[in-house]
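Residue strings, one per chain:
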Amino acid sequence: MTAPVQISLEVNGERVDVHVRPRLNLADFLREHLALTGTHVGCEHGVCGACTVRVNGDIVRSCLMLAVQAQSASIETIEGLSDSGEIADLQAAFRDRNALQCGFCTPGMLMVAQDLLKLEAEPDRDRIREHLSGNYCRCTGYQAIIDAVEATARARRGPKA
Ligand code: FES
Ligand code: FES
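About the thresholds
- Residues numbered from 1 in each chain as written.
- Chains lettered and ligands numbered in written order.
- Predicted model: local features only at pLDDT ≥ 70, side-chain atom pairs only at ≥ 80, totals over all residues.
- Heavy atoms only, no water.
- Pairing = 2+ DSSP bridges.
- Helix = DSSP H or I, 4+ residues; strand = E, 2+ residues; numbered from the N terminus.
- Axes fitted to C-alpha atoms, helices over the stretch in contact; angles between N-to-C directions.
- Contact = heavy atoms within 4.5 Å.
- Left-handed = near helix turned anticlockwise from the far one by under 90°.
- Nonpolar A, V, L, I, M, F, W, Y, C, P; charged D, E, K, R; others polar.
- Buried < 20%, exposed > 50% of the residue type's maximum accessible area, 1.4 Å probe, protein only.
- Core = buried A, V, L, I, M, F, W, Y, C linked by side-chain atoms within 4.5 Å.

**Section: the sheet that holds strand β2 (residues 14-20)**
Argument step 1. Taken in spatial order, the five strands of this open sheet run β2-β1-β5-β3-β4, and their pairing is mixed. Lying at the two open borders of the sheet, with one neighbouring strand each, are β2 and β4 (58-61). The average angle at which neighbouring strand axes cross in this sheet is 40 degrees, direction not considered.
Argument step 2. Of the strand pairs in this sheet, strand β1 (residues 5-11) and strand β5 (residues 74-76) are connected by two bridges, and their pairing is parallel. Paired with glutamate 10 across the bridge in β5 is serine 74.
Argument step 3. The sheet contacts of helix α1 (residues 26-34) involve β1, β2, β3 (52-55) and β5, and relative to β2 the element is tilted by about 100 degrees.
Argument step 4. Relative to β3, helix α4 (residues 106-119) is tilted by about 45 degrees, and along the sheet it contacts β3, β4 and β5.

Here's what the structure looks like:
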């Protein structure tokens, strides 16, 4: 059995020092060591997007990254974005438009949608669809999700002068 490796990183603004199995992926680390179960695990192959987190500000599929590769990194999960209020309007738009059913894809969808809205103020529906295209939803048919992201972008721009 391979010896555990010590890592130090920041998760949702809190410093974490812990020993992990060398082959533990980041998604399982967040769930098993820190009980951050909002990071979902679907395919475990980088396909579905359910495990999306931010690493040093960039969107990453945490099932494809080892926890030891997060040494010294700043990780943000759906719990961090939610608790900070950063995505409160986006979450409200998802709720108001029934953009979630079982909710399994929702944390990843919110992470990726927020990523787009930080990059672009006026994404059209095709652009939203393209940016979210790596995140799978088995329930909604996607239209309500696109509606929610579009409405949030519009609201963030505010009334036209
Ligand atoms: Fe990571 Fe599906 S669980 S992309
Ligand atoms: Fe069920 Fe998207 S709401 S997978």
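So much for the structure itself; the text now carries on.
**Section: the packing of α4 against helix α6 (residues 143-157)**
Argument step 1. It is the contact of α4 with α6, at a shortest axis distance of 11 Å, that shows an interaxial angle of 35 degrees. For α4 against α6, the interelement crossing comes out right-handed. On the side of α4, the interface is formed by Met109, Ala113, Gln114 and Leu117, while α6 contributes Ile145, Val149, Thr152, Ala153 and Arg156.
Argument step 2. Split by residue class, the contact of α4 with α6 holds six nonpolar, two polar and one charged.

**Notes on the side chain of threonine 106**
Argument step 1. Structurally, the position occupied by threonine 106 is in helix α4.
Argument step 2. Using a relative accessible area of 8% as the deciding quantity, one classes threonine 106 as buried.
Argument step 3. If near-sequence neighbours (up to four positions away) are discounted, threonine 106 is found in contact with Phe94 and Leu100.

**As for the nonpolar core**
Argument step 1. Among the nonpolar cores identified, the biggest contains 24 residues, and Leu90, Phe94, Met109, Leu132, Ile145 and Val149 are the most heavily contacted of them.
Argument step 2. Looking at this core, the elements with two or more residues in it are α2 (78-84), α3 (88-96), α4 and α6.
Argument step 3. Once residues lying within four places of it in the same chain are set aside, the contact partners of isoleucine 145 are Phe94, Ala99, Met109, Leu132, Cys137 and Thr140.
Argument step 4. Listed in part, the 19 residues of the second largest apolar core include Ile7, Leu26, Val53 and Ala70.

Functional significance is not addressed by these values, which are geometric in nature.
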